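What the coordinates show
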Amino acid sequence: MDVIDITVPIQEGMPLWPGDPELKLRFHASFKAGDSVCLTEASLCLHTGTHVDAPVHFLPGEDGVEALSLETLMGPARVIEIENHECITSEELSTKNLEGATRFLIKTRNSDARWWEKPFDPNFCHMTPEAAQLLLDNGMTLLGVDYLSVDPPEGDAPVHRLLMPRGLVLLEGLHLSHAHEGDYELIALPTLFTGRDGAPARAVLRSLQALA
């Protein structure tokens with residue numbers, strides 16, 4: 001395929017981060033009810049499914065989604081496959097080709113397990129701060145991961161607190177099962193919730209061969 005959709009579908013019953021608001025979708029108007037149009041009302045956390053984090057998510061007084069660089073959210077990206085089932089480590093990343101890339105999408109067992117179709121898994125494969133630092137040292141500007149957070153549920157979100165003060169764009173909740181390791185063009189555009197801490201995004205990869 002020339003285009004790979006790496007967005008998780010938003011649907012009731014999908015896993016949510018513990019403590020996040022419940023996802024609710026209902027028809028405000030529908031053909032079944034005799035209305036002339038179909039109109040859906042939605043209530044959801046802005047960090048549901050595939051989403052981006054804005055600076056104010058972790059940094060008091062910082063900007064919302066409008067501050068995110070669209071140039072960073074579009075451009076060449078490298079998918080890296082991780083074999084470790086527990087976490088993304090600097091030791092494994094150091095064996096990968098990191099040269100020349102600034103956008104990294106990390107594919108783990110989370111994608112192969114189709115996490116978005118199952119209950120929340122507190123033991124999902126997450127990233128260590130050392131791995132995040134290694135990518136920072138290699139010039140990373142955007143990090144994408146295939147679960148609802150780059151950090152585990154316990155602790156004080158050390159990877160977020162390492163990356164966000166440095167202006168990194170975090171793209172979380174990806175569906176990477178159809179993306180093989182290698183280089184692509186990434187397009188990931190969040191909904192413009194001005195002043196807010198995050199936003200759902202539609203994210204796709206395009207084959208570089210198709211663009212040649």
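This report concerns the structure included in the present document. (Residues numbered from 1 in each chain as written. Predicted model: local features only at pLDDT ≥ 70, side-chain atom pairs only at ≥ 80, totals over all residues. Heavy atoms only, no water.)

Before going further, it helps to spend a moment on the pattern of salt bridges. Summed over all chains, the structure comprises nine salt bridges. For the salt bridge of Asp183 with Arg78, the shortest nitrogen-to-oxygen distance reads 2.7 Å. A residue pair is termed long-range when its members are at least 10 positions apart, and Asp183 in strand β11 (residues 182–190) and Arg78 in strand β5 (residues 74–81) qualify at 105 residues. Here Asp121 makes a salt bridge to Arg109, at a shortest N to O gap of 3.9 Å. Linking Asp121 in the loop between α2 (109–112) and β8 (126–127) with Arg109 in helix α2, this pair joins segments that are twelve residues apart in sequence. For Asp121, a relative accessible area of 26% corresponds to the partly exposed category. (Salt bridge = Lys/Arg side-chain N within 4 Å of Asp/Glu carboxyl O. Helix = DSSP H or I, 4+ residues; strand = E, 2+ residues; numbered from the N terminus. Buried < 20%, exposed > 50% of the residue type's maximum accessible area, 1.4 Å probe, protein only.)

Taken together, the side chains of Leu70, Met74 and Leu189 present a nonpolar region at the surface, about 250 Å² in accessible area. Looking at the secondary structure, you find Leu70 in the loop between β4 (51–53) and β5. (Patch = residues over 30% accessible without salt bridge, like charges linked within 9 Å, V, L, I, M, F, W, Y side chains within 5 Å. Areas by Shrake-Rupley, 256 points an atom, 1.4 Å probe, with all protein chains shown as cover.)

Moving on to the environment of Glu62. Considering the arrangement of structural elements, one finds Glu62 in the loop between β4 and β5. Spatially, the C-alpha atoms of Glu62 and Phe120 are 30 Å apart, while their sequence positions differ by 58 residues.

Counting 27 residues, the largest nonpolar core has Ile106, Met127, Leu135, Leu143 and Leu163 as the members making the most contacts within it. Of all the secondary structure elements, the ones that give two or more residues to this core are β7 (103–107), α3 (129–137), β9 (142–145) and α4 (158–163). A per-element tally of this core places α3 first, with four residues. When near neighbours in sequence (up to four residues on either side) are disregarded, Leu163 contacts Ala132, Leu136, Met140, Leu143, Leu168 and Leu170. Formed by 23 residues, the second largest nonpolar core is a distinct cluster that contains Leu142, Leu171, Ala199 and Leu205. (Core = buried A, V, L, I, M, F, W, Y, C linked by side-chain atoms within 4.5 Å. Contact = heavy atoms within 4.5 Å.)

Glancing now at unusual backbone geometry. Here the phi dihedral of Arg114 falls at roughly 50 degrees; this positive angle occurs in a residue that is not glycine. Position of Arg114 among the secondary structure elements: in the loop between α2 and β8. At Ala157, a residue that is not glycine, the phi angle is positive and equals roughly 50 degrees. Among the structural elements, Ala157 can be located in the loop between β9 and α4.

Turning next to the side chain of Glu172. Inspection of the secondary structure assignment puts Glu172 in strand β10 (residues 169–172). Buried and unpaired, Glu172 has Arg161 as its nearest opposite-charge partner, separated by 12 Å. From its side chain, Glu172 meets the backbone nitrogen of Val150 in a polar contact 3.0 Å long. Of the polar contacts made by the side chain of Glu172, one reaches the side chain of His160; its length is 3.1 Å. Apart from residues lying up to four places away in sequence, Glu172 is in contact with Gly49, Thr50, His51, Asp53, Val145, Tyr147, Leu148, Ser149, Val150 and His160. (Lys, Arg positive; Asp, Glu negative; His and termini not counted. Polar contact = N/O pair within 3.5 Å; in protein donor to acceptor, adjacent residues only side chain to side chain.)

The next point concerns the pairing of β5. Strand direction decides the pairing type here: β5 and β11, joined by six bridges, are antiparallel. Following the sheet pairing, Val79 is matched in β11 by Gly182. Where β5 meets β7, four bridges bridge the pair, whose relative direction is parallel. Note on β7: the bridge partner recorded for Val79 is Leu105. (Pairing = 2+ DSSP bridges.)

This next bit is on the packing of aromatic side chains. Applying the stated criterion across every chain yields a total of seven aromatic pairs. When the centroid spacing of 5.4 Å and the interplanar angle of 85 degrees are considered together, the rings of Trp17 and Phe120 count as edge-to-face. Of this pair, Trp17 sits in the loop between β1 (3–5) and β2 (24–29) while Phe120 sits in the loop between α2 and β8, and the two are 103 residues apart along the sequence. For Trp17, a relative accessible area of 22% corresponds to the partly exposed category. Relative accessible area serves as the criterion here: at 21%, Phe120 is assigned to the partly exposed category. Between the aromatic rings of Trp17 and Phe124, the centroid separation amounts to 6.0 Å while the plane-to-plane angle is 65 degrees, which identifies the pairing as edge-to-face. (Phe/Tyr/Trp six-rings, centres within 6.5 Å; stacked < 30°, edge-to-face > 60°.)

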